[in-house]
There are 2 protein chains.
Amino acid sequence: MSFAALQEKIIATGNPTVAGLDARLSYVPPFLVEQAVQEYGETRKAAAEAIFAFNCGLMDALSGIVPAVKPQAAYYELLGWEGVEMMERTIRYAQEKGLYVIADIKRGDIGATASAYAEGWLGKTAVGSAKLPCFDADCVTVNGYMGADAVSPFLKVANEEDKALFALVRTSNPSAVDLQDLELNGKKVYEVMGDLVAKWGEGYEDAYGYNRVGAVVGATWPEQLAQLRKALPHTFFLVPGYGAQGGTAEDVQYAFDSQGHGAIVNSSRGIMCAWQKTGHNGEDYGEAARNAAIAMRDAITAITPIR
Amino acid sequence: MSFAALQEKIIATGNPTVAGLDARLSYVPPFLVEQAVQEYGETRKAAAEAIFAFNCGLMDALSGIVPAVKPQAAYYELLGWEGVEMMERTIRYAQEKGLYVIADIKRGDIGATASAYAEGWLGKTAVGSAKLPCFDADCVTVNGYMGADAVSPFLKVANEEDKALFALVRTSNPSAVDLQDLELNGKKVYEVMGDLVAKWGEGYEDAYGYNRVGAVVGATWPEQLAQLRKALPHTFFLVPGYGAQGGTAEDVQYAFDSQGHGAIVNSSRGIMCAWQKTGHNGEDYGEAARNAAIAMRDAITAITPIR
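Everything numeric here is computed off the predicted structure, so don't read it as measured data. (Residues numbered from 1 in each chain as written. Chains lettered and ligands numbered in written order. Predicted model: local features only at pLDDT ≥ 70, side-chain atom pairs only at ≥ 80, totals over all residues. Heavy atoms only, no water.)

A. Expanded view of the overall build of chain A. Counting its secondary structure elements, chain A contains 13 helices and twelve strands. Here the C-alpha radius of gyration of chain A, 19 Å, is about what a compact globule of 307 residues would show, namely 19 Å. Along the three orthogonal principal directions, the C-alpha set of chain A runs to about 60 × 55 × 35 Å. When the 307 residues of chain A are sorted by exposure, 64% land in the buried category. (Helix = DSSP H or I, 4+ residues; strand = E, 2+ residues; numbered from the N terminus. Rg over C-alpha atoms; globule rule 2.2 N^0.38 Å. Buried < 20%, exposed > 50% of the residue type's maximum accessible area, 1.4 Å probe, protein only.)

Spelled out as C-alpha cells, the structure:
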C-alpha cells in the first residue's frame, strides 16, 4: 500500500507511530518462552514460536491504537529459516489485523539483484505460469549507498503494486556521523543522499503530496530532521530512535508537515518491553504495550496534532 | 573461516575466483525445473528444489576447481522462506564439499540490530542453554553507510568465530558514481569508506598480512581498484563485476598484491549460465560451468600468477 494508505490509517487511529516487532527471546515474557521450549525443546523452532505468540499478542493489543508495525528482518534471520518463515506469518497476521507493514530490511544491491529483493519483498515471484506473493509487505526500507540502480527496482515494483519504500538518509545511531556527516563541497553526505531520494521519487504525488520514496531520518538528530523536512517536502519520513535511543516528542515534531502529516515515528523496545516495568512478569505484556503506545501517541500528538 | 583459510584454498586450487550462486529459475536447466514442478506444482517449494538441485550439481562440478562460493541472499528471499531454508541447505552442502562460503547479504543496521544479523549469519543464537548455529557462513558482505556501529558487531562475531567480512567500498554497478564518487574535501566517498574499512580492520593480521574486514571493489573500475589496493595493503578484496558486467582479467590484475594474493574475483552468470551457450539444453550444465570456471581461472592466473 502507498503512503496515502498509511497516512489514512494514521489519521484514523490519530496516531503517527509504528510499533517495531524486533523481538529477541529476552524481550519475550518468560511464560511464552517456557511454553514453546516445553513443546519444541531448546530449538530455533521454539524461539520462533515464542516470538510469534508474542508478536500476535502485541498486535492484538495494539490493533486500533497504532496504524502500522515494522518487523526488523535481523531478529528473524537470527533464528535462521524458521525465523524467516515466522516473519512471513507475522506480516500476514498484521495485514489481517488491518496494520500497515513496513518490512525493515535495509536491502541495497545492484540492479538485477535489487529486482530479486524487490519482487520477493514487495512483488510477486514467477514460477511457471503462477505469480506468487512471498513476503508481500506494504513497504520496505532500502540502503542507497550503491546509487539509483540499487533503488529503482524497488520503485518499479512499488509503482506496479501501489506500495512504497524508505531509503536511509540520516540514521539514528551515533556512528551515523562517520560517513553521513562528511562534507562534499559544502553539502554533507546525508544531504546529498536526501537530494537523491527526492529525485528518485519525482513524478508521482499522492493525495497528501508525498511520493513513493520516503526517507529514514533519526529522531536523535532534530536539527537535521527540521532541515530535511524543509528540503524534502514530498518525502515521507520514517523516524526511528524514539525512546530507548533518546529521541523525544519535542525532537520528532520537526518530522511532520504543517498538517501533522508526512511522517511516522517508530518505537520498538519502548512498546515491546513495556511489560518489564510493570512487575507482573509479563502476564500483562499486551496491556503494557498498549498503554505505552497510547502514552507515546499522546506525547507526540500533544505537540504535533494531526489535522 | 578467516581470510587466511580462504587464501589457502585459493592456493590449493590455484584459483582466485568465487562462483556466485545467484540462480533465478530462468538460469536453471529446464529439465530440473520440470522435475521439480512435476513433484511440487507451480509453487515456491518447486522453485526452491529446482534451484537446490542446480546449486548442488554446480558445486559437485566446481569442487576442486574453485575455492569458494557466494550465494546472494536476494535470489533466495525471492522465494520467500522456502528459498531461505534452501539457502541454509546450500551453505551446508558447500561446506561439506570443502568450499569457503561468502554469504552475500550486504546487511547494514544499527548496533543491536547488526548484532542480531551477525549472530544469525556468522555466529550462534542462544535458546535457553543451547547455542545454535543458523546460517553459519564463513564470511558475509556488509554495508557501512551507517558507520562503525553497523560494522563492529560483525567484526566482534568474526573475531569470536575466526571468520571474516567484506564491506562495500566501490561497487561494480554504473550508479556507484551517484554517491561513491562525490568529493569530500579532496577525497571521494569511496576513498573515505576505504579508509574507514582499513581502520575497522586494524589490530589483526593473518599469516598473509590481511585483517578480518575486507572490501568489495568492482572489477568494472580498474583505476580505483589499483588505487585502493595501494591505499589498503591489509584489506582483502572481493571483486564482483567480472564477465557479464564487463570486468576482464586485465582489469582485475590490480586487485592482487605482488604475490597474487589478497583478492578473490566473483563470477555468477558466466559460470551458472554457461550451459546456455553449449546447445545441449542444460543437460551438461555441470560440465559447462566447470569449463567456464577453468577458463576464468586460466585467464586471470595467466596475467596474475599465484605465488
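B. A look at the packing of helix α6 (residues 111–121) of chain A against helix α7 (residues 148–161) of chain A. Residues and elements named next belong to chain A. At their nearest, the axes of α6 and α7 sit 8 Å apart, and the two run at 35 degrees to each other. As for the relative orientation of α6 and α7, their crossing is right-handed in sense. Of the residues in α7, those in contact with G111, A114, S115, Y117, A118 and E119 of α6 are D149, A150, P153, F154 and V157. Residue composition of the contact of α6 with α7, by class: seven nonpolar, two polar and two charged. (Axes fitted to C-alpha atoms, helices over the stretch in contact; angles between N-to-C directions. Left-handed = near helix turned anticlockwise from the far one by under 90°. Contact = heavy atoms within 4.5 Å. Nonpolar A, V, L, I, M, F, W, Y, C, P; charged D, E, K, R; others polar.)

C. Fine view of the interface of chain B and chain A. In this assembly, 71 residues from chain B lie in contact with 71 residues from chain A. Of the roughly 5800 Å² buried at the junction of chain B and chain A (both faces included), carbon and sulfur atoms supply 58%. Looking only at chain B, the three residues that lose the most surface to chain A are E42, W81 and Y145 of chain B, adding up to 14% of its buried area. Counting every contact that joins chain B to chain A gives eight salt bridges. For D109 of chain B, the salt bridge identified is with K106 of chain A, shortest N-O distance 2.8 Å. Linking chain B with chain A are 41 residue pairs in polar contact (both at pLDDT 80 or more), by the criterion used here. Of the residues forming the side of chain B that touches chain A, the biggest block, eight residues, is contributed by helix α6 (residues 111–121) of chain B. Looking at the side of chain B that touches chain A, its residues break down into 38 nonpolar, 19 polar and 14 charged. (Buried area = accessible area lost by both parts, 1.4 Å probe. Salt bridge = Lys/Arg side-chain N within 4 Å of Asp/Glu carboxyl O. Polar contact = N/O pair within 3.5 Å; in protein donor to acceptor, adjacent residues only side chain to side chain.)

D. Seen up close, the sheet that holds strand β3 (residues 100–107) of chain B. Residue and element names in this part refer to chain B. Strand order in this closed barrel of eight strands is β1-β2-β3-β6-β7-β10-β11-β12, and the pairing throughout is parallel. Each strand axis lies, on average, 30 degrees off the axis of its neighbour in the sheet, ignoring direction. Across four bridges, strand β1 (residues 17–21) lies against strand β2 (residues 68–71) in parallel orientation. From the neighbouring strand, L21 faces β2, where its bridge partner is P71. Across the face of the sheet, helix α5 (residues 80–96) comes into contact with β1, β2 and β3 while running at roughly 150 degrees to β3. (Pairing = 2+ DSSP bridges.)

E. Local environment of the relation of the copies chain B and chain A. Overlaying chain B with chain A gives an RMSD of 0.0 Å, the required rotation being 180 degrees about an axis along which the chain moves by 0.0 Å. Viewed as a symmetry operation, the transformation between the two copies matches a two-fold axis. Relative to the rotation axis, the closest C-alpha in chain B is found at L184 of chain B, a distance of 2.1 Å. Interface overlap between copies is the fraction of interface residues in one copy that are interface residues in the other; for chain B against chain A it reaches 100%, indicating a shared surface. (Least-squares fit on C-alpha atoms with pLDDT ≥ 70 in both.)

F. Structural context of unusual backbone geometry. With a phi angle near 55 degrees, D162 of chain A is a residue other than glycine that sits in the positive phi range. Relative to the elements of secondary structure, D162 of chain A occurs in the loop between α7 and β7 (164–170). Judged by relative accessible area, which is 38%, D162 of chain A ranks as partly exposed. Positive phi, close to 60 degrees, is recorded for N281 of chain B, a residue that is not glycine. By secondary structure assignment, the location of N281 of chain B is in the loop between α12 (269–272) and α13 (285–303). Residue N281 of chain B is classed as exposed on the basis of its relative accessible area, which comes to 56%.

G. Summary view of the pairing of strand β12 (residues 263–267) of chain B. All names here are of chain B. Among the five residues that make up β12, five are buried, leaving the element largely enclosed by the rest of the structure. Of the two faces of β12, the one holding A263, V265 and S267 and the one holding I264 and N266 are both buried throughout. Inspection of the sheet shows β1 paired to β12 by three bridges, in the parallel sense. Residue A19 lies in a different strand from β12, and its bridge partner there is S267. The sheet contact formed by strand β11 (residues 237–239) and β12 spans three bridges and is parallel. Of the residues in β12, the one forming a bridge with V239 is V265.

H. The pattern of salt bridges, seen in detail. Residue and element names in this part refer to chain A. Summed over the entire model, instances satisfying the criterion amount to 38 salt bridges over all chains. The salt bridge partner of E49 is K45, with a shortest N-O separation of 2.8 Å. With E49 and K45 both in helix α3 (residues 44–62) and four residues apart, this pair spans about one turn of that helix. By relative accessible area, which is 15% here, E49 ends up buried. Classification of K45 by relative accessible area gives partly exposed; the value is 31%. What emerges from the salt-bridge pattern is a single network uniting K45, E49, E85 and R89.

I. Quick peek at the side chain of T235 of chain A. Within the secondary structure, T235 of chain A sits in the loop between α10 (222–231) and β11 (237–239). Setting aside residues no more than four positions away along its own chain, T235 of chain A makes contact with V197, A198, Y210, V213, G214, A215, R229 and G262 of chain A.

J. Geometry of α6 of chain A. Within α6 of chain A, the full set of buried residues consists of T113, A114, A116, Y117, A118, G120 and W121 of chain A. Contact partners of the buried residues in α6 of chain A: α5 (80–96), β3 (100–107), β6 (139–142) and α7 of chain A together with α4 (73–77) and β3 of chain B.

K. Up close: the layout of surface pockets. Taken as a whole, the largest pocket encloses approximately 300 Å³ of empty space. Together, 21 residues line the largest pocket, and R24 of chain A together with E119, T125, A126 and V127 of chain B are the ones closest to its centre. Only α3 of chain A together with β4 (124–127) and α7 (148–161) of chain B provide two or more residues apiece to the lining of the largest pocket. In terms of residue class, the lining of the largest pocket is built from ten nonpolar, four polar and seven charged. Approximately 170 Å³ is the volume found for the second largest pocket. Every residue lining the second largest pocket is counted, 13 residues in all, and those nearest its centre are T125 and A126 of chain A together with R24, L25 and S26 of chain B. For the lining of the second largest pocket, the elements supplying multiple residues, two or more each, are β4 (124–127) of chain A together with α3 (44–62) of chain B. When residues in the lining of the second largest pocket are grouped by element, the largest group, three residues, is from β4 of chain A. Looking at the lining of the second largest pocket, its residues break down into eight nonpolar, three polar and two charged. (1 Å grid on protein atoms, 1.4 Å probe; cavity = no way out; pocket = protein on both sides within 12 Å on 5 of 7 lines; lining within 4 Å. Points joined across faces, edges and corners; volume = space filled by probe spheres on them.)

L. Focus on the sheet that holds strand β2 (residues 68–71) of chain A. Residues and elements named next belong to chain A. On the basis of which strands lie adjacent, the closed barrel formed by eight strands has the order β1-β2-β3-β6-β7-β10-β11-β12 and parallel pairing. Here the average twist between neighbouring strands, direction ignored, is 30 degrees. Across the sheet, α10 touches β7, β10 (213–217) and β11, and the angle it forms with β11 is around 170 degrees.

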